[in-house]
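# Fold and contact review
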Amino acid sequence: METPDEWPPRIRESYDPMRILGKGGFASVVLARPKPNAANSDEIKNNRVAIKVVGGINESGFRLSAQEIKEQRDKAVLYARREIEILKHVKQNNIVKLYDHWIAGSDDEDEEKKANNSSKDDLTAAVLVLEYAKGPTVEALLKHGGALSTIFGRVVIAQTMDAISYLHSRAVLHRANKL
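Let me begin by describing the structure that accompanies this report. The structure presented is a predicted model; accordingly, all values stated were derived computationally and were not measured. (Residues numbered from 1 in each chain as written. Predicted model: local features only at pLDDT ≥ 70, side-chain atom pairs only at ≥ 80, totals over all residues. Heavy atoms only, no water.)

For the rest of this paragraph, the subject is the pairing of strand β4 (residues 98-103). Summarising burial for β4: five of the six residues are buried, a large majority. The pairing of β4 with strand β5 (residues 124-131) spans five bridges and is antiparallel. Note that in β5 the partner of Trp-102 across the bridge is Val-127. (Buried < 20%, exposed > 50% of the residue type's maximum accessible area, 1.4 Å probe, protein only. Helix = DSSP H or I, 4+ residues; strand = E, 2+ residues; numbered from the N terminus. Pairing = 2+ DSSP bridges.)

Let us now look at helix α2 (residues 66-89). The end-to-end C-alpha distance of α2, which contains 24 residues, comes to 35 Å, matching closely the 34 Å that a straight helix rising 1.5 Å per residue would cover. When we look at burial in α2, the residues that qualify are Ile-69, Arg-73, Ala-76, Val-77, Ala-80, Glu-83, Ile-84, Ile-86 and Leu-87. (Expected span 1.5 Å × (residues − 1).)

Ordered in space as β1-β2-β3-β5-β4, the five strands form an open sheet in which the pairing is antiparallel. Edge positions in the sheet fall to β1 (15-23) and β4, since each has one partner strand and no second. Each adjacent strand pair in this sheet contributes to an overall mean axis angle of 20°, direction not counted. Alignment of strand β3 (residues 49-55) against β5, held across seven bridges, turns out to be antiparallel. Bridged to Lys-52 within β5 is Leu-128. (Axes fitted to C-alpha atoms, helices over the stretch in contact; angles between N-to-C directions.)

Turning next to the nonpolar core. Counting 34 residues, the largest nonpolar core has Trp-7, Ile-11, Tyr-15, Val-49, Ile-51 and Leu-128 as the members making the most contacts within it. Those elements that provide at least two residues to this core are β2 (27-34), β3, α2, β4, β5 and α5 (150-169). (Core = buried A, V, L, I, M, F, W, Y, C linked by side-chain atoms within 4.5 Å.)

Mapped onto the elements of the fold, Glu-131 is located in strand β5. Ignoring any residue separated from it by four or fewer positions in sequence, one finds Glu-131 in contact with Lys-45, Ala-50, Ile-95, Val-96, Lys-97 and Tyr-99. (Contact = heavy atoms within 4.5 Å.)

Put into structure tokens, the structure is as follows:
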């Protein structure tokens with residue numbers, strides 16, 4: 001797989017992309033392999049990471065004005081900064097670890113943009129290098145296998161509640177998006 005254009009040079013130099021894991025309205029996620037020079041490479045389990053690009057997606061198909069680009073990117077930067085701050089301080093088995101990150105507006109952004117020849121239409125707000133949690137999502141399990149067994153359902157719910165309880169004990173509240 002080609003290295004995504006949205007990845008800043010520091011991330012490009014540290015990780016090799018393998019395949020796309022998913023894309024949404026706010027972010028895309030790529031499975032990657034750390035290069036020997038990657039930050040925290042000794043901590044990375046199974047020699048794989050999930051690289052989340054926050055922003056960078058213009059699904060409208062229309063060219064955005066400079067003001068719209070700035071507004072979308074600023075909103076995504078706020079979201080990413082909050083996620084990074086939370087992940088820096090949490091250590092729990094059911095919450096993925098943050099290994100590295102890059103954020104728009106940081107001191108090294110201008111230098112990286114010059115090296116990357118980024119366009120002014122770049123919506124990328126942040127890049128997070130996260131622990132890769134192998135396996136299907138609960139959504140995929142339900143979609144392809146139907147209802148979970150009682151025992152397996154209890155395990156999934158217990159792990160989810162452990163993570164939520166841990167976050168709540170540290171004054172972090174999770175808000176689900178409206179359906």
